[in-house]
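Here is how the chains run, residue by residue.
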Amino acid sequence: MATLEIKSLGKTYPGNVVAAEGIDIAIEDGELVVLVGPSGCGKSTILRMIAGLETITTGDLFIAGKRVNDHEPGERDIAMVFQNYALYPHMTVRGNMAYGLRNEGQPKAEIERRIAEAARTLRLEDYLDRKPRQLSGGQRQRVAMGRAIVREPRIFLFDEPLSNLDAKLRTQLRAELKALHRRLGATFVYVTHDQVEAMSLADRIVLMNAGQVEQIGTPLDLYLRPASRFVADFIGSPNMNVFEGVLDGEARALTLSGGGSIRFADPLPAAPGARVALGIRPEHLHPGDEGPGRMELTVTFIEQLGADTVVHGTLGNGREPLAVRLDGVQMREAGASLPLICSPEHIHLFDADTGRRLN
Amino acid sequence: MVENRPLLKLFTHAVLILGVLFLCFPVWMSLVASTHGPGALSKSPIPLWFGDQAWENYSQLIFGGMSEAGGVPVGMMMLNSLIMALGITIGKIAVSILAAYAIVYFRFPFRMGFFWMIFVTLMLPVEVRILPTFDVVTKLGLLNSYGGLIVPLIASATATFLFRQFFLTVPDELVEAARIDRAGPMRFFWDILLPLSRTNIAALFIILFIYGWNQYLWPLLVTTDESLYTVVMGIQRMVNSGEQLPVWHYIMGTAMLALIPPVIVVVAMQNLFVKGLVESEK
Ligand SMILES: Nc1ncnc2c1ncn2[C@@H]1O[C@H](COP(=O)(O)OP(=O)(O)O)[C@@H](O)[C@H]1O
Ligand SMILES: [Mg+2]
């Protein structure tokens, strides 16, 4: 159990590839923090620097208040779970879990005790004498978690541990992981490219883009008040509708670059005449004629998901794509027009050039 | 291919059986000849079935001195060959696996330079460098010793290259998991890399053992002492034993004996090798 402090951390790979730059994250004791972002944005690089598998180019790393930049991975009191499991293929499940402990010089009885306990937690008791190749993907990943648990580290690191599993198993293991975190009370740092995984697991999310942190916050922070257009776009499914345009002199109407305009009852919190991007989540649009933020959707196709229906179309008769999420099963003909309203608190306003949030 | 044409089947089997007979016939001839007396092979027709001299011939070969081969029992030569072949095999595997380990897993100055230097020695087999090597061995005082027989043949670019290629296929995450599990370089090598290389080692063992066992030119050069003669040299000496007629029954017996260790190695290692191929572990 420990805090983890990352101070203006940066990594430049040979060949001047800047994978991460100016990363500041303070992770509290027992917190579950998820690093999320598109592939190639530097998540693994940061995790590997925390683990000590990659040298740190700039900045400092503190575990439990101690600077560990130059410590070997084995000396950092961390354990890591890899995407492809990285189990030792020639050792049994028991051997895999025991290996690190034997290297630490733990007594035999203690090793046995910890393996028994981890096996019980992860329901691996029947598989202890099997080799990794005799296990399914989900079981292998549990063994990898077991190998981490028995070390009783202060910080657990996960690099996309569920990405190689099928969707159903992923959901199941996600729940197990969350339960495990609650049981152990240890600090978890979890890397994924999947926003759903991030939203459902995290105490706090660190959303990354091109080697930099876009926003740090609770899942709801990121959903309700995305700090940038990038965050708004990344979090939530279906994607947020974003329209670019120019505000009029009163900041009440937005003339869209794709044609058409949207009018609002109250002025938007931006400079009149500014170029902005306006975002509305599909689930925050409702059918209706009367109200602020009125707009009209021309249906092109619908997605029936059972619990809800996503209607895709264009804004007015223009070219701006627009999607809306309706409750339950709903029918709409292509070409039909659907009047929508959106309440002001669900409107996100971003600077069209920098992508920063304005409201 | 699942085809069921009886005639074709018959034909392919006939071809295969013919091939096997063709290959085995000389072995059969040697085996038969080694059980006859001295004259049997120089007379016509050559015998195709066992004679009654097997016991005498083989006990003379193994325990008695063979005047035609310098008065050393074949048993002794077999032992020399075995020591040389095992020395070369184990030495080659040990040296090349360590060299490959260094080249793949450690960053040191001129790493690739060393790799290419090792690689270039592929062009320098013993036969090419035989004079300078002989000179070096002489100056080291290794003439007429097992060291002289073994050491110059130990370096192996082929095996180094093979291990290097294998190590490159070991996933990086495995190395990283081991680092997190506090395994230093030595532990990683012993506990993880070596067990994973098992099947490669078995395959190399077969090839290198036979290479070592069949060495002729080099042992001929560095040994003058009869007690260090190898069995391959022994056969050659018996064939060229000067004025007398070649003692064919002994020569064939020696050849049969010389076959045994390589066959044992192939059979024993093949099991491990095939098992390794079946249970792919990465
Ligand atoms: N060993 C390396 N050498 C050079 N560039 C690398 C190396 N590892 C990663 N990169 C680059 O650094 C960037 C971030 O990679 P990574 O941290 O693996 O991204 P993520 O895990 O978010 O997908 C990528 O552009 C990648 O190409
Ligand atoms: Mg990654």
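- Under the annotation held in an unreviewed UniProt entry, chain B carries the name sn-glycerol-3-phosphate transport system permease protein UgpE and is attributed to Salinihabitans flavidus.
- Recorded in UniProt for chain B, the comment headed Subunit (unreviewed entry) runs: "The complex is composed of two ATP-binding proteins (UgpC), two transmembrane proteins (UgpA and UgpE) and a solute-binding protein (UgpB)."
- Listed in UniProt under the heading Sequence similarities (unreviewed entry), the comment for chain B reads: "Belongs to the binding-protein-dependent transport system permease family."

- As annotated in an unreviewed UniProt entry, chain A carries the name sn-glycerol 3-phosphate transport system ATP-binding protein and comes from Salinihabitans flavidus.
- The UniProt entry for chain A carries this comment under Sequence similarities (unreviewed entry): "Belongs to the ABC transporter superfamily."

A short note on the packing of helix 2 (residues 93–104) of chain A against helix 4 (residues 137–150) of chain A
Residue and element names in this part refer to chain A.
Phase 1: Across the interface, helix 2 lies against helix 4 with an axial gap of 8 Å and an inter-helix angle of 30°. The angle between the axes of helix 2 and helix 4 places the two elements in the roughly parallel class. Relative to helix 4, helix 2 is oriented so that their crossing is right-handed. Along the contact surface, helix 2 presents V93, N96, M97 and L101, while helix 4 presents V143, G146, R147 and V150.

Section: the sheet that holds strand 1 (residues 4–13) of chain A
All names here are of chain A.
Phase 1: Strand order in the open sheet made by the 4 strands is 2-1-4-5, with antiparallel pairing throughout. Whereas interior strands pair on both sides, the edge strands pair on one side only; in this sheet they are strand 2 (17–27) and strand 5 (66–67).
Phase 2: Bridge analysis of strand 1 against strand 2 gives 7 bridges, and the strand direction is antiparallel. Bridge pairing in strand 2 places E5 opposite A26.
Phase 3: The strands touched by helix 1 (residues 43–51) within the sheet are strand 1, strand 2 and strand 4 (58–63), with strand 1 carrying the most contacts at an inclination of about 115°.

So, the packing of aromatic side chains
Phase 1: Applying the stated rule across the entire model yields 23 aromatic pairs over all chains.
Phase 2: Centre to centre, the rings of F158(A) and Y190(A) are 5.7 Å apart; their planes meet at 35°, and the pair counts as tilted. You can see F158(A) sitting in strand 7 (residues 155–159) and its partner Y190(A) sitting in strand 8 (residues 187–192), a full 32 residues away along the chain. Here F158(A) and Y190(A) have matching classes, each one buried.
Phase 3: Linked through ring pairs, Y101(B), Y105(B), F106(B), F163(B), F166(B), F167(B), F188(B), F189(B) and W190(B) together constitute an aromatic cluster.
Phase 4: Its guanidinium or amino end placed over the ring of Y88(A), R147(A) lies 4.9 Å from that ring's centre, counting from NZ or CZ.
Phase 5: Its guanidinium or amino end placed over the ring of F115(B), R164(B) lies 4.3 Å from that ring's centre, counting from NZ or CZ.

Considering the packing of helix 3 (residues 108–121) of chain A against helix 4 of chain A
Residue and element names in this part refer to chain A.
Phase 1: The geometry of helix 3 relative to helix 4 is characterised by a closest axis approach of 9 Å and an angle of 140° between their N-to-C directions. Between helix 3 and helix 4, the angle is such that the two are oblique. Remark: the crossing between helix 3 and helix 4 carries right-handed chirality. Only G146, I149 and V150 of helix 4 make contact with helix 3, whose side of the interface consists of R114, I115 and A118.

A look at the UniProt feature "domain: ABC transporter" (unreviewed entry) in chain A
Phase 1: Per the UniProt entry, the sites bearing "domain: ABC transporter" (unreviewed entry) are residues 4–235 of chain A in this numbering.
Phase 2: From the first C-alpha to the last, residues 4–235 of chain A spans 25 Å; its make-up is 37% helix and 26% strand.

Description of the site of ligand 1
Residue and element names in this part refer to chain A.
Phase 1: Contacts to ligand 1 come from Y13, A19, S39, G40, C41, G42, K43, S44 and T45.
Phase 2: One of the side-chain N or O atoms of Y13 is found 3.4 Å from a nitrogen atom in ligand 1.
Phase 3: Here ligand 1 loses 59% of its free accessible area of 560 Å² to cover by the protein chains.
Phase 4: Per element, the largest residue contribution to the shell around ligand 1 is 3 residues, and it comes from helix 1.
Phase 5: Across the shell around ligand 1, the residue classes break down as 3 nonpolar, 5 polar and 1 charged.

Quick word on the UniProt feature "transmembrane region" (unreviewed entry) in chain B
Residue and element names in this part refer to chain B.
Phase 1: Mapped onto this structure's residue numbering, the UniProt feature "transmembrane region" (unreviewed entry) falls at residues 7–29, 82–106, 113–134, 146–167, 188–213 and 247–274.
Phase 2: The span residues 113–134 shows a helical share of 59% and a strand share of 0%, and its end C-alpha atoms are spaced 27 Å apart.
Phase 3: The annotated region residues 247–274 carries 96% helix and 0% strand content, and the separation between its end C-alpha atoms amounts to 41 Å.

Some points on the layout of surface pockets
All names here are of chain B.
Phase 1: In this structure, the largest pocket encloses a volume near 860 Å³.
Phase 2: Along its surface, the largest pocket is lined by 29 residues, and Y105, F106, V175, E176 and R179 are the ones closest to its centre.
Phase 3: Take the lining of the largest pocket: its biggest share by element is 5 residues, from helix 8 (residues 172–180).
Phase 4: Its residues assigned to classes, the lining of the largest pocket shows 16 nonpolar, 2 polar and 11 charged.
Phase 5: In this structure, the second largest pocket encloses a volume near 530 Å³.
Phase 6: Along the wall of the second largest pocket there are 26 residues; nearest its centre are K92, A155, S156, A157 and T158.
Phase 7: The set of elements that each furnish at least two residues to the lining of the second largest pocket consists of helix 3 (74–105), helix 7 (157–169) and helix 10 (198–213).
Phase 8: Among the elements that make up the lining of the second largest pocket, the one with the highest residue count is helix 7 (5 residues).
Phase 9: Across the lining of the second largest pocket, the residue classes tally to 18 nonpolar, 5 polar and 3 charged.

Thoughts on the pairing of strand 11 (residues 241–247) of chain A
All names here are of chain A.
Phase 1: For strand 11, a buried count of 5 out of 7 residues is recorded, marking the element as mostly surrounded by other parts of the structure.
Phase 2: As defined by bridge partners, strand 11 adjoins strand 14 (residues 275–280) across 6 bridges and the pair is classed as antiparallel. From the neighbouring strand, G245 faces strand 14, where its bridge partner is V276.
Phase 3: Judged from the 3 bridges that link them, strand 11 and strand 12 (residues 253–256) form a sheet pairing that is antiparallel. Following the sheet pairing, L247 is matched in strand 12 by L254.

Comments concerning the domain arrangement of chain A
All names here are of chain A.
Phase 1: The domain architecture assigned to chain A consists of domain 1 (4–233) and domain 2 (238–351).
Phase 2: The interface is formed by 8 residues belonging to domain 1 together with 10 residues belonging to domain 2.
Phase 3: Carbon and sulfur atoms make up 49% of the area that domain 1 and domain 2 hide from each other, which totals about 810 Å².
Phase 4: Two residues, R229 and E244, come together in a salt bridge whose shortest N-O distance is 2.7 Å.

Some points on the pattern of salt bridges
Residues and elements named next belong to chain A.
Phase 1: In total, this model carries 24 salt bridges over all chains according to the counting rule given.
Phase 2: The partner of R67 in a salt bridge is D60, with the nearest N and O atoms 2.7 Å apart.
Phase 3: By relative accessible area, which is 40% here, R67 ends up partly exposed.

Quick look at the interface of chain A and chain B
Phase 1: Taken together, the 26 residues of chain A in the interface contact 19 residues of chain B.
Phase 2: Each partner contributes to the roughly 2,000 Å² buried at the junction of chain A and chain B, and carbon and sulfur atoms together form 55% of this total.
Phase 3: Our enumeration of links across chain A and chain B arrives at 3 salt bridges.
Phase 4: Ionic pairing is found between R48(A) and E176(B), a salt bridge with its closest N-O pair at 2.8 Å.
Phase 5: Of all the secondary structure elements, the ones that give two or more residues to the side of chain A that touches chain B are strand 6 (78–81) and helix 2 of chain A.
Phase 6: For the side of chain A that touches chain B, the element with the highest residue contribution is helix 2 of chain A, accounting for 4 residues.

So, how was this worked out
Residues numbered from 1 in each chain as written. Chains lettered and ligands numbered in written order. Predicted model: local features only at pLDDT ≥ 70, side-chain atom pairs only at ≥ 80, totals over all residues. Heavy atoms only, no water. UniProt positions renumbered as here; feature names shortened; annotations may be inferred. Axes fitted to C-alpha atoms, helices over the stretch in contact; angles between N-to-C directions. Helix = DSSP H or I, 4+ residues; strand = E, 2+ residues; numbered from the N terminus. Parallel < 35°, antiparallel > 145°, perpendicular 65-115°, else oblique. Left-handed = near helix turned anticlockwise from the far one by under 90°. Contact = heavy atoms within 4.5 Å. Pairing = 2+ DSSP bridges. Phe/Tyr/Trp six-rings, centres within 6.5 Å; stacked < 30°, edge-to-face > 60°. Buried < 20%, exposed > 50% of the residue type's maximum accessible area, 1.4 Å probe, protein only. Lys NZ or Arg CZ within 6 Å of the ring centre and 35° of its normal. Near = heavy atom within 4 Å. Polar contact = N/O pair within 3.5 Å; in protein donor to acceptor, adjacent residues only side chain to side chain. Areas by Shrake-Rupley, 256 points an atom, 1.4 Å probe, with all protein chains shown as cover. Nonpolar A, V, L, I, M, F, W, Y, C, P; charged D, E, K, R; others polar. 1 Å grid on protein atoms, 1.4 Å probe; cavity = no way out; pocket = protein on both sides within 12 Å on 5 of 7 lines; lining within 4 Å. Points joined across faces, edges and corners; volume = space filled by probe spheres on them. Domains from an automatic or database assignment. Buried area = accessible area lost by both parts, 1.4 Å probe. Salt bridge = Lys/Arg side-chain N within 4 Å of Asp/Glu carboxyl O.

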